[in-house]
Amino acid sequence: MVSVEHKTPSTKRVGAKASWGFQAKAAAAALSGFGPRAALHGVFAAVLVCTAAAEAIRLGVVERPMTLMTAYTDVDPVVAKVGREVLRVSDAVAHAQFIGDDVENAAVPQLIASGTVDDAADHLALAQLAREQGLDGALEIRAAVALAERQILAEAFLDRVVSAAVTEDAIRARYEAEKAALEQDSILRLSKIVVATEEEALAIADRLPRSTFSSLAASKSLDEATAEKGGLMGDVRLSELPEELAAAVAELPIGGHTAPIATDDGYTILKLESRRAQRLAPFSERHDAIAATLRDEAIASAIAAAREKAPARIRAAEAIMADEAQVSGGTLATVRRL
């Protein structure tokens, strides 16, 4: 699930367990509002979701829990035969993930002893009966299965993207970049005088050795908010100042003032009241926040790349409604009732 509410993500590789929470919600959302017949439909949809999940694990799109990966690196053993089909380890794991069981550290004997394999076999048997009755052709079932497939593949892809982007090396590199940037930055306490013309500004600059900056700001500055405080702007980061102002104050000594600078408000003279270096929090304190930022950046980049590669062309609502009206005399709800 691409969620951008979020808990601070782990920087470890994202495993299968982190990715399955949406299936039950997806099936419930897709099937909500249907009548009593939807009960069997829902079971069948859940089974097909589990099947899709199992395939994702088996094909390596989604990571299998490490205990099982270690025990069965190259094979996916059969754990049960149900009719003409078989259940494999990946099927049992996917089923456990779907129903919310914690299988992160479970070995195959535990999956069997816990009843997970029995439960998965029951679902598979029900799915076989559902197919025999043609339920796999029902509109809501096909929609639920298509949704589950999209969600599983999208999440698996994003998990892979995040795993590659959010590593300890990447977090450390971003921290060092932040540290270097702060070393070039500083927190300044500034005062300013703003006047309408360059001539006024030059005249004030000439008076500064004899008059105090605060008294001139109070009597001459057009910026009322700072004039009443003797021109004091307060603290500001050097990097947050407009480029022309930052360049003018970067090398000022404490107590020094700039020459008049043309700005959108007129002409400005700045005085540097104080300067202090910024300190970055220790790596341990910044670790999780940086990981979250890297994760969000990776997901945003992946989504942007997907949109560029496969741009969506949304049809006009009127055209969609016209097509819908031709289906069995009305709406999709009519189709669901057939």
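Refer to the structure presented above.
No experiment lies behind these values; they were computed from the predicted model shown.

Rules of the game
Residues numbered from 1 in each chain as written. Predicted model: local features only at pLDDT ≥ 70, side-chain atom pairs only at ≥ 80, totals over all residues. Heavy atoms only, no water. Helix = DSSP H or I, 4+ residues; strand = E, 2+ residues; numbered from the N terminus. Buried < 20%, exposed > 50% of the residue type's maximum accessible area, 1.4 Å probe, protein only. Areas by Shrake-Rupley, 256 points an atom, 1.4 Å probe, with all protein chains shown as cover. Phe/Tyr/Trp six-rings, centres within 6.5 Å; stacked < 30°, edge-to-face > 60°. Lys NZ or Arg CZ within 6 Å of the ring centre and 35° of its normal. Pairing = 2+ DSSP bridges. Arc of directions from axis to C-beta. Contact = heavy atoms within 4.5 Å. Salt bridge = Lys/Arg side-chain N within 4 Å of Asp/Glu carboxyl O. Axes fitted to C-alpha atoms, helices over the stretch in contact; angles between N-to-C directions. Parallel < 35°, antiparallel > 145°, perpendicular 65-115°, else oblique. Nonpolar A, V, L, I, M, F, W, Y, C, P; charged D, E, K, R; others polar.

A. Structural context of the overall build of the protein chain. Regarding its fold elements, the protein chain presents 15 helices and 6 strands. Among the 338 residues that make up the protein chain, the fraction classed as buried is 38%. Carbon and sulfur atoms provide 55% of the accessible area of the protein chain, an area that totals close to 19,400 Å².

B. Representation of the packing of aromatic side chains in the model. In total, this model carries 1 aromatic pair according to the counting rule given. Here Tyr-175 and Phe-283 contribute two aromatic rings whose centre-to-centre distance is 5.3 Å and whose plane-to-plane angle is 80°, an arrangement assigned as edge-to-face. Placement of the pair is Tyr-175 in helix α8 (residues 168-183) and Phe-283 in helix α13 (residues 283-309), with a sequence separation of 108 residues. The exposure class of Tyr-175 is buried, given its relative accessible area of 8%. Lying across the ring of Phe-283, Arg-172 places its NZ or CZ 3.7 Å from the centre.

C. Examining the pairing of strand β2 (residues 85-88) more closely. Here 4 bridges tie strand β1 (residues 78-82) to β2, and the two strands are oriented antiparallel to one another. In the sheet register, Ala-80 faces β2, and the bridge partner there is Leu-87. Counting the residues that bridge the hairpin from β1 to β2 gives 2 residues, and of these Gly-83 lies at a positive phi of roughly 60°.

D. Structural view of helix α9 (residues 198-207). Where α9 is concerned, the buried positions are Ala-201, Ile-204 and Ala-205. All buried residues of α9 project into a common sector of 100° when viewed along the axis, lining one side. Turned more than 90 degrees from where α9 packs its buried face, Glu-199 and Asp-206 sit exposed. In this structure, the buried side of α9 is in contact with β3 (186-195), α10 (213-220) and β6 (266-277).

E. The arrangement of the pattern of salt bridges in detail. In this structure the tally under the stated criterion is 10 salt bridges. A salt bridge links Arg-174 to Glu-297; the shortest N-O distance between them is 2.9 Å. Of this pair, Arg-174 sits in helix α8 while Glu-297 sits in helix α13, placing them 123 residues apart in sequence. Residue classification places Arg-174 among the partly exposed positions, given a relative accessible area of 27%. Between Glu-178 and Arg-286 there is a salt bridge whose closest N-O contact spans 2.8 Å. In this pair, Glu-178 is assigned in helix α8 and Arg-286 in helix α13, connecting sequence segments 108 residues apart.

F. Quick peek at the packing of α8 against α13. Contact geometry of α8 with α13 gives a least axis separation of 9 Å together with a crossing angle of 110°. Considering their axes alone, α8 and α13 lie roughly perpendicular with respect to each other. Residues Glu-168, Ala-170, Ile-171, Arg-172, Arg-174, Tyr-175 and Glu-178 of α8 form the contact with α13, whose participating residues are Phe-283, Arg-286, His-287, Ile-290, Ala-291, Thr-293, Leu-294 and Glu-297. Considered class by class, the residues forming the contact of α8 with α13 number 7 nonpolar, 2 polar and 6 charged.

G. Spatial organisation of the sheet that holds β3. The antiparallel open sheet is built from 4 strands, whose spatial order is β4-β3-β6-β5. Edge strands, defined here as strands with exactly one partner in the open sheet, are β4 (232-237) and β5 (261-263). Mean inter-strand twist for the sheet, computed between neighbouring axes without regard to direction, equals 45°. The pairing of β3 with β4 spans 5 bridges and is classified as antiparallel. Bridge pairing links Ile-187 to Arg-237 in β4.

H. Representation of the pairing of β6 in the model. One ladder, built from 10 bridges, connects β3 with β6; its direction is antiparallel. Along β6, the bridge assignment pairs Val-194 with Thr-268. Relative to β6, β5 runs antiparallel, the two sharing 3 bridges. If you follow Ala-262 over to β6, its bridge partner there is Tyr-267.

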